[in-house]
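Given next are the chains, with one letter for each unit.
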Amino acid sequence: MSRILLVDDDPTLRRTLQLNLAARGHEVTLASSGAEALQAVRDGDPELIVLDLGLPDLDGIEVLLQVRGELTAPVIVLSARREAHDKVLALDIGAIDYVTKPFSMDELMARVRAALRRRPSPEDDAVPTVSGSGLVLDFANHRATRGDEVVHLTPTEWRVLAELARNLGRVVSHENLLRAAWGPTYGRERHYLRVFANQIRRKIEVDPARPVHLVNEPGLGYRLVV
């Protein structure tokens, strides 16, 4: 059984999701607004958050930003917003998955199971510090520097780099990178990787147009070189 915080302002959908999650043995806390969600996070230490973006008081993105600053529980976003930039923004901030409404209940329950399997474990902090050519990536403390400059990386960028660091110097396939950074239900969304690779290069490369650390191997994947 896992503690799940369900945040949605639609009472019918909230009740339906609660019944489905409870039937699978989960302990469900309900919130209908951003303020209620943030208070529930502080009071209950949930192991998973299912978060609607269309809340009556705070935008779900703002709730996600605050949640990510307070705990490491995975977040699945529920939203009627289908634009790619909304998905990328939510994933960039730290959501582990993004489900658009309307959705299949069986699919959402599968994504819940997948997200719970990705809860932080001691192995998540076991990625060794990577350094070379002025770049330092300290995964245990989530601190990155390039020369004397502190580099600010998002949670998703850290997950991408962590998987590459575990395979330092070796090519990691697009599929494996997607699953490591976004979860086991991903594998075909290569455009996500292109967006995040470009973002990471702007932060860690001296010349992002001529990357030497985050290297693309066309048709295969990416490798991290220091």
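Structure shown above.
**Q** Quick one: what's the story with the overall build of the protein, residue by residue and with numbers?
**A** In terms of helices and strands, the protein carries eight helices and 12 strands. Relative to the 2.2 N^0.38 estimate, which gives 17 Å for 226 residues, the radius of gyration of the protein is 18 Å and therefore close to what a compact globule would have. Seen through its C-alpha atoms, the protein measures out along the principal axes to roughly 55 × 35 × 30 Å. In the protein, buried positions account for 50% of the 226 residues. Within the protein, residue pairs in contact and separated by at least 24 positions form 57% of the contacts whose partners lie at least 6 positions apart. Entry remark: accessible area of the protein is about 10,900 Å², with carbon and sulfur atoms responsible for 49%.

**Q** Residue-level account of the sheet that holds strand 11 (residues 214-217), with values.
**A** Strand pairs in the sheet, formed through backbone hydrogen bonds, run parallel or antiparallel to each other. Within the open sheet, the three strands sit side by side as 10-12-11. Their pairing is antiparallel. Edge positions in the open sheet fall to strand 10 (172-173) and strand 11, since each of these has one partner strand only. Pairing between strand 11 and strand 12 (residues 221-224): four bridges, direction antiparallel. Counted as the bridge partner of N216 is Y222 from strand 12.

**Q** An account of the sheet that holds strand 5 (residues 97-100) is requested, with residue identities and associated values reported.
**A** In spatial order, the strands read 2-1-3-4-5; together these five strands make up an open sheet with parallel pairing. Here the strands that pair on one side only, and so sit at the sheet edges, are strand 2 (27-31) and strand 5. In this sheet, adjacent strand axes meet at a mean angle of 20° when their direction is disregarded. In this structure, strand 1 (residues 3-7) lies alongside strand 2, joined through five bridges in parallel fashion.

**Q** Give me the packing of helix 4 (residues 84-93) against helix 6 (residues 155-166): which residues, what numbers.
**A** Between helix 4 and helix 6, whose axes approach to 5 Å, the crossing angle comes to 75°. Comparing the axis directions of helix 4 and helix 6 gives the class roughly perpendicular. Note on element contacts: helix 6 touches helix 4 through P155, T156, E157 and R159, opposite L91, D92 and I93. Looking at the contact of helix 4 with helix 6 residue by residue, the class counts come to three nonpolar, one polar and three charged.

**Q** Quick rundown of the pattern of salt bridges? Include the residues and the values.
**A** Evaluation of the coordinates by the stated rule reveals 12 salt bridges. Notably, a salt bridge pairs D97 with R111, separated by 2.8 Å at the nearest N-O pair. In this pair, D97 is assigned in strand 5 and R111 in helix 5 (residues 105-117), connecting sequence segments 14 residues apart. For R111, a relative accessible area of 14% gives the class buried. In this structure, R146 and E149 form a salt bridge, with 3.0 Å as the shortest nitrogen-oxygen distance. By relative accessible area, which is 21% here, R146 ends up partly exposed. Sharing partners across several salt bridges, the network here consists of R3, D45 and E47.

Criteria and cut-off values
- Residues numbered from 1 in each chain as written.
- Predicted model: local features only at pLDDT ≥ 70, side-chain atom pairs only at ≥ 80, totals over all residues.
- Heavy atoms only, no water.
- Helix = DSSP H or I, 4+ residues; strand = E, 2+ residues; numbered from the N terminus.
- Rg over C-alpha atoms; globule rule 2.2 N^0.38 Å.
- Buried < 20%, exposed > 50% of the residue type's maximum accessible area, 1.4 Å probe, protein only.
- Contact = heavy atoms within 4.5 Å.
- Areas by Shrake-Rupley, 256 points an atom, 1.4 Å probe, with all protein chains shown as cover.
- Pairing = 2+ DSSP bridges.
- Axes fitted to C-alpha atoms, helices over the stretch in contact; angles between N-to-C directions.
- Parallel < 35°, antiparallel > 145°, perpendicular 65-115°, else oblique.
- Nonpolar A, V, L, I, M, F, W, Y, C, P; charged D, E, K, R; others polar.
- Salt bridge = Lys/Arg side-chain N within 4 Å of Asp/Glu carboxyl O.

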